[in-house]
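Fold and contact review
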Amino acid sequence: MALSKDIYKAFEDVVGVENICDDPAIMPAYHSAELGAVILPKNTAEVQAIVKLCNKYKLQFRPVCTGWTGMFPKGIIYLDLRRMNRIIEINEKNMYAVVEPYVISAQLQAELFKRGLNFCIKGAGTNCSALLRGHGHMDQTTGGDDRNHLAIEWVTPEGDIVRSGSLGSSDEWFCGDGPGPSLRSILTSAVPPGVTPGVFTKAAVKLYHWAGPSVYPVVGVSPHYSLSEIPPNMMARYFSFPSVEKMWQAELKIGESEIAFELMGFNISMVAANITTSNEEEEETFNRLNKEVQGPGFFVIIAGDSPADFEYKKRVLEKIVSEADGKSLKAVEDPRIEGILMCQCTRISASIRETFRNGGAFNSIPIMGQRDLTIKWAIGAGKAKEPLIKKGLIMDDGGAFFGWGVEQGHLGKTEIFCKFDPGNSEAKAAVEGWQKEQNRRAFTERYFASTMGPQDEIGPALLNYHLWWQKITEALDPNGVSPSAGSLV
Ligand SMILES: Cc1cc2nc3c(=O)[nH]c(=O)nc-3n(C[C@H](O)[C@H](O)[C@H](O)COP(=O)(O)OP(=O)(O)OC[C@H]3O[C@@H](n4cnc5c(N)ncnc54)[C@H](O)[C@@H]3O)c2cc1C
């Protein structure tokens, strides 16, 4: 649905003829053949001018960083932010970095590693934007989701520029709150289904200590990578346990002793997916490793600041694991496999095979919260998958869930997948039914309240937050030009 010539010209006057396009041959490369136009602003002033024009002409827009997610209604203006790709500042002393939307996580992390620093990277991969929030493999030491944004520069859906927290009062990026009432919770909900309307044009993210090498000694040719040697004072292991309870007790103690750089509760099918390069190899590896593990388990990376610190952390880990009757998976003790996993799970390229292995589609229920409660809920959600597996509607992964520690176990993440053939409408309906039922069960049995659960029940139990969010977005976006993501995921 092309724009009229006059409207197209108004946008073209903002960004220049080279940076706007509605060519039907190009549009499909941008998620949809029916976009109004793709526009590539180069800075905040251009974003603001575009957003104001969208309000003037009542046109919906959607900003895109690296574009892993999204459905785009007909005629929408697609704001491709790839020209806004600068790391503005790395503040080593105060431990934050300021980035524009198209700085990808790999780019920022490479710069940070050279300085002994690191940051939270979405499990989706280092190819995603460093600016949007998310959670991932390193949350044990980097926190996750809404915990990492500091000050933000934001173009509101009406085209005003808001500089939140310390940026607004002192021109510095170190704090996301105040002075006075804070906008932080509105501004940091940028992962579907909760997406902030408007456009973030710059954001400061927290940095953390990195004890590993400035560059990994990667060897091999795609897809057969590994490390020529395991970096000094680092170790990666996978431990399985006789029961969920024993695994959970070990997780708690590891958190309390703060020895793990990373604690990622992969199930064994995810380990198999990560260390193999084809579906055939993966199936063979899964069947082999599945016989070796004694039950559920987790993957751990230890990173010492010195040889003595490393020895201490290893000894504490050994004690905790042996007290919980844990067993180390031999395959991961092989330095080639250890190197692959260490690199994939800190440079974050693991999810792509874990998630999309064997093709097909998946629905998942992800939840951040108190890890023991979410684990108990996930065991039930796994059991509820069994009849669907028996009927052949979903893939047999043993009902497995996975999850990880966040902030040394103060929080945790648990997630469970249902993989199915998207061409099979019966399977799709069954998976959607499972998802609905398990989200409802989580709430009615008081494990947690998910935004994917029954809002008519959850909303009133949580101070009607859903109605307040609706009022806030209507107030911020009176012309409805910045559609909220719930409808667009
Ligand atoms: C295989 C797979 C695995 C995943 N695993 C994880 C995971 O482990 N952890 C996790 O946190 N997420 C995960 N995700 C979700 C992932 O974080 C989102 O897809 C993420 O948004 C991708 O980042 P992006 O940089 O490509 O964002 P985009 O797709 O560009 O944008 C994501 C959303 O934010 C909005 N947006 C984009 N730029 C801006 C901006 N500048 N201002 C305001 N809004 C903006 C977009 O309109 C869109 O709604 C996964 C997704 C996939 C497909």
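Worth saying up front: this structure is predicted, and the values here are computed from it rather than measured.

A few words on the site of the ligand. Residues in contact with the ligand amount to 30 residues; listed here are only the nearest, Trp68, Gly123, Ala124, Ser129 and Gly134. Sorting the residues of the shell around the ligand by element identifies β3 (61-64), β10 (199-206) and α13 (351-356) as the ones contributing at least two each. Sort the elements by how many residues they give to the shell around the ligand and β3 lands first, with three residues. Its residues assigned to classes, the shell around the ligand shows 16 nonpolar, 12 polar and two charged. The residue makeup of the shell around the ligand includes at least three contributed by each of domain 1 (5-83) and domain 2 (87-209).

With domains assigned, the protein is organised as domain 1 (5-83), domain 2 (87-209), domain 3 (219-353) and domain 4 (359-453). Taking only C-alpha atoms, the centre of domain 2 and the centre of domain 3 are 29 Å apart. In this assembly, 12 residues from domain 2 lie in contact with 13 residues from domain 3. Counting only elements with at least two residues in the side of domain 2 that touches domain 3, the list comes to α3 (105-114) and α4 (139-142). For the side of domain 2 that touches domain 3, a count of residues per class yields three nonpolar, nine polar and no charged.

If you trace the seven strands from one edge of the open sheet to the other, you get β17-β14-β16-β15-β19-β20-β18, paired in antiparallel fashion. This sheet does not close on itself; its edge strands, each paired only once, are β17 (327-328) and β18 (361-369). Bridge analysis of β18 against strand β20 (residues 411-420) gives nine bridges, and the strand direction is antiparallel. Within β20, the position partnered with Gly369 by the bridge is Gly412. Docked against the sheet, helix α10 (residues 307-323) engages β14 (234-240) and β16 (297-303), running at close to 160° with respect to β16. Strands in contact with helix α16 (residues 425-444) are β18 and β20; relative to β18, the strand with the most contacts, it is inclined by about 10°.

Overall, mixed pairing links the four strands, which are arranged β1-β2-β4-β3 in an open sheet. Looking at which strands have only one partner, the edges of the open sheet turn out to be β1 (20-21) and β3. Here β1 runs beside strand β2 (residues 37-39); their pairing, made up of two bridges, is antiparallel. Paired with Cys21 across the strands is Val38, a residue of β2. Its contacts with the sheet place helix α1 (residues 5-15) against β1 and β2, and it is angled at close to 15° to β2.

Attention now moves to the pairing of β3. Neither face of β3 is left uncovered, since the one carrying Phe61 and Pro63 and the one carrying Arg62 and Val64 both have all their residues buried. Relative to strand β4 (residues 77-80), β3 runs parallel, the two sharing four bridges. Within β4, the position partnered with Phe61 by the bridge is Ile77.

In terms of nonpolar packing, the biggest core is built from 128 residues, with Phe299 and Ile301 touching the most fellow members. Setting aside anything within four residues of it in sequence, one finds Ile301 in contact with Met234, Ala236, Ala260, Phe261, Glu262, Met342, Cys345 and Thr346.

Cut-off values and rules
Residues numbered from 1 in each chain as written. Predicted model: local features only at pLDDT ≥ 70, side-chain atom pairs only at ≥ 80, totals over all residues. Near = placed C-beta within 6 Å. Helix = DSSP H or I, 4+ residues; strand = E, 2+ residues; numbered from the N terminus. Nonpolar A, V, L, I, M, F, W, Y, C, P; charged D, E, K, R; others polar. Domains from an automatic or database assignment. Contact = placed C-beta atoms within 7 Å. Pairing = 2+ DSSP bridges. Axes fitted to C-alpha atoms, helices over the stretch in contact; angles between N-to-C directions. Buried ≥ 20, exposed ≤ 12 C-beta atoms within 10 Å, placed from the backbone. Core = buried A, V, L, I, M, F, W, Y, C linked by C-beta atoms within 7 Å.

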